[in-house]
Amino acid sequence: MSTHQQHRVRTLWLAGALHAFTHVYHVALLPLYLLIRQDFQLDKLGRATLLVTAMMIAYFVPSFPMGVLADRISRKKLLGIGLFINALGFVLLGLAPTYGLALTAVIIAGFGGSFYHPAATAMVARLFPVGTGKALGLTGIGASVGFFLGPLYTGWRAQHSGWRAPIIELGCLGLIGAIAFWSLADDDAPRAAPQKEAAPVGVQKLFPTPTLWLLFIAFSFAMSLRDFTGNSMGTLGSLFLQQARGMSVEKTGFALSWIFIMSMISNPLFGGLSDRGRIRWTALILSIAAAMVALFPHLPGGASIPAFMVYGFFFMASYPVIEAALMESVPDAVRGRVFGLFITIGGLVGNVSHWLVGRWVQHLGPAADSPQGFYNIYALLGLFILLSLLGLPCLHAIRKREHLDAPSGAQPGVRSLVMQNPEL
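No experiment lies behind these values; they were computed from the predicted model shown.

Parameters and conventions
- The residue numbers shown here count from 1 along each chain, following its written sequence.
- Restriction of local features to residues with pLDDT of at least 70 applies here, the model being predicted, together with a cutoff of 80 or more for giving and counting side-chain atom pairs; totals for whole chains, interfaces and linings are based on all residues.
- To get the side-chain values, take all heavy atoms of the structure and skip hydrogens and water.
- The helix count covers DSSP runs of H or I at least four residues long, the strand count covers runs of E at least two residues long, and both are numbered beginning at the N terminus.
- When a residue's accessible area, from a 1.4 Å probe over protein chains only, is under 20% of the maximum for its type it is buried; when over 50% it is exposed; and in between it is partly exposed.
- Contact criterion: two residues are considered in contact whenever any of their non-hydrogen atoms come within 4.5 Å of each other.
- Computed with a 1.4 Å probe, the accessible areas rest on the Shrake-Rupley method; for each residue, only the protein chains presented here act as cover.
- Note on terminology: a nonpolar core comprises buried Ala, Val, Leu, Ile, Met, Phe, Trp, Tyr and Cys residues joined through side-chain atoms within 4.5 Å.
- Lines fitted to the C-alpha atoms define the axes, with helices restricted to the stretch that makes contact. Angles between their N-to-C directions range from 0 to 180 degrees.
- Any angle that falls under 35 degrees is termed roughly parallel, while one over 145 is termed roughly antiparallel, one within 65 to 115 roughly perpendicular, and all others oblique.
- Rotating anticlockwise by less than a right angle from the far helix to the near helix defines a left-handed crossing, while the corresponding clockwise rotation defines a right-handed one.
- Ten residue types, Ala, Val, Leu, Ile, Met, Phe, Trp, Tyr, Cys and Pro, are classed as nonpolar, four, Asp, Glu, Lys and Arg, as charged, and the remainder, Gly among them, as polar.
- Points on a 1 Å grid, built from protein atoms alone, make a cavity when a 1.4 Å probe fits but cannot get out and make a pocket when they are open with protein on both sides within 12 Å along at least 5 of 7 lines; residues with an atom within 4 Å of a point are the lining residues.
- Grid points are joined across faces, edges and corners, and a volume is the space filled by probe spheres set on the points.
- In the sections that follow, a salt bridge refers to a side-chain nitrogen of Lys or Arg positioned within 4 Å of a carboxyl oxygen of Asp or Glu.
- Here a patch means residues that are over 30% exposed by relative accessible area and free of salt bridges, tied together within 9 Å if like-charged and within 5 Å if nonpolar (Val, Leu, Ile, Met, Phe, Trp, Tyr).
- Per-residue confidence from the prediction method is given by pLDDT, with values spanning 0 to 100.

**Things to note about the overall build of the protein chain**
And then number 1: Counting secondary structure elements, the protein chain contains 20 helices and 0 strands.
And then number 2: Looking at the 424 residues of the protein chain, the share that counts as buried comes to 60%.
And then number 3: Here the contacts in the protein chain between residues at least 6 apart in sequence split such that 86% fall between residues at least 24 apart.
And then number 4: For the protein chain, the computed accessible surface area is about 15,800 Å², with 68% contributed by carbon and sulfur atoms.

Shown next as structure tokens:
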């Protein structure tokens, strides 16, 4: 295996490891809302769920500036610094004596997390101009591990040691991970393989026409409806299981973790399948996910974990598929900025869900103590997933107007070269 090939494989798995840290922090607080509310003596449940919304807003707002940096400077530096700040925020959260300081800590953590996706996604897409969906699906295994372990670990530890202990421990582990990444990762991807450079990095415009801008914004907003449901399923699921099903914090964390474990299989599976047709695979997996969301509160309590597994298997697989489609729809020189802007738009809309869900459940009053009280909320969330499919024609139109019918960044001959030397 050549040096370039070894670099591609090593970079792919290191990106996956950082992906795990990034997302373990996103879901670590999900089983802990009621404990946090009790510890800080909060008058409203929405103030506890607001911690995750604040963290995710801080995660998405800087995404476009991070995308600009990812198109201009070392992506290794961005990834290592980002994980360190993200982990430090969690250590501070676990030590916070007041709610105000806790809010500050999650904002710091969210800011650190914003470094990851623009840099890592653009890096992987450039390294794998053919088989991009499968490559991003493989890095998605890291996200699956993080999503799975986050609520599982914090729910278990909080049941025995309070909510602060697992938060501090995960923060310390992330600090160690950041140092390890700096020691093992190469500084940047070498450009040994031929690549299509339409303009110097940082000079090429994001979209050259108003029509392309309009299509991109419409696509991003549509996908934010998918994200709204995805984020809601964690927060709403936590409150539903503890209030309507009477589960303990430990059992709730265990149940929520099963949303994500099956994506270890589905991310690379559907990512690879989608390399032969992004739109049809996205429509299929999101339609099945929407049906599972609407059905969830109607199922008996014993079916919660199997339902989470089926939902997560399909829903989570949409992320590498959509990310690959977006990366292939724009030139390499603007990928960091495009992806940063995409998750800024989608993230800000989607992650209001944590706060809103807390308010919705509080407004249910006594109805929150029975599954029937949640029927309408889950039906609405399923509808949001179906509406997100309206963004797919917009993305298809962007690719056609950008004239990127071949894999983005690949010149004639690169496709056959890469297919003869697969590392996936």
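**Brief notes about the nonpolar core**
And then number 1: Counting 129 residues, the largest nonpolar core has Leu 29, Leu 326 and Phe 342 as its most contacted members.
And then number 2: Counting residues per element, this core draws most heavily on helix α10 (residues 210–244), which supplies 13 residues.

**Section: the packing of helix α13 (residues 278–295) against helix α14 (residues 304–315)**
And then number 1: It is at 8 Å that the axes of α13 and α14 come closest, and there the two elements cross at 155 degrees. When the axis of α13 is compared with that of α14, the two are roughly antiparallel. Pair α13 / α14 crosses with left-handed handedness. Contacts between α13 and α14 involve Ile 285, Leu 286, Ile 288, Ala 289, Met 292 and Val 293 from the first element and Ala 307, Val 310, Tyr 311, Phe 314 and Phe 315 from the second.
And then number 2: Its residues placed into classes, the contact of α13 with α14 shows 11 nonpolar, no polar and no charged.

**Here we look at empty space enclosed by the protein**
And then number 1: Enumeration over the complete set of coordinates arrives at 4 cavities of 30 Å³ or more.
And then number 2: In this structure, the largest cavity spans a volume of roughly 600 Å³.
And then number 3: Lining the largest cavity are 36 residues, and of these His 23, His 26, Phe 147, Asn 231 and Tyr 319 sit closest to its centre.
And then number 4: Elements with a minimum of two residues in the lining of the largest cavity: α1 (3–27), α3 (45–60), α8 (132–161), α10, α11 (249–261), α14, α15 (318–328) and α16 (335–350).
And then number 5: Considering each element in turn, the lining of the largest cavity owes the most residues, 6 residues, to α10.
And then number 6: Looking at side-chain class alone, the lining of the largest cavity contains 19 nonpolar, 14 polar and 3 charged residues.

**With respect to the pattern of salt bridges**
And then number 1: Counted by the stated rule, this structure contains 7 salt bridges.
And then number 2: Between Glu 169 and Arg 157 there is a salt bridge; the shortest N-O distance is 2.4 Å. Residue Glu 169 is located in helix α9 (residues 164–184), and its partner Arg 157 is located in helix α8; the two are separated by 12 residues in the primary sequence.
And then number 3: One salt bridge connects Asp 275 with Arg 278, and the closest N-O pair in it is separated by 2.7 Å.
And then number 4: Residue class for Asp 275 comes out partly exposed when judged on its relative accessible area of 32%.
And then number 5: Judged by relative accessible area, which is 12%, Arg 278 ranks as buried.
And then number 6: Where salt bridges share partners, they join Asp 275, Arg 278, Glu 328 and Arg 399 into one cluster.

**Focus on a nonpolar patch on the surface**
And then number 1: On the surface, Leu 380, Leu 383, Leu 386, Leu 387 and Leu 390 cluster together to form a nonpolar patch covering roughly 420 Å² of accessible area.
And then number 2: Structurally, Leu 386 is set in helix α18 (residues 375–388).

**Topic: the confidence of the model for the protein chain**
And then number 1: Taken over all residues, the pLDDT of the protein chain has a mean of 85, while the share at 70 or more is 89%.
And then number 2: Overall, residues 189–202 carries pLDDT values under 50, and its contacts beyond four positions in sequence, including any with other chains, amount to 31 contacts.
And then number 3: Segment residues 405–424: pLDDT under 50, and 39 contacts once partners within four positions in sequence are set aside and those in other chains are kept.

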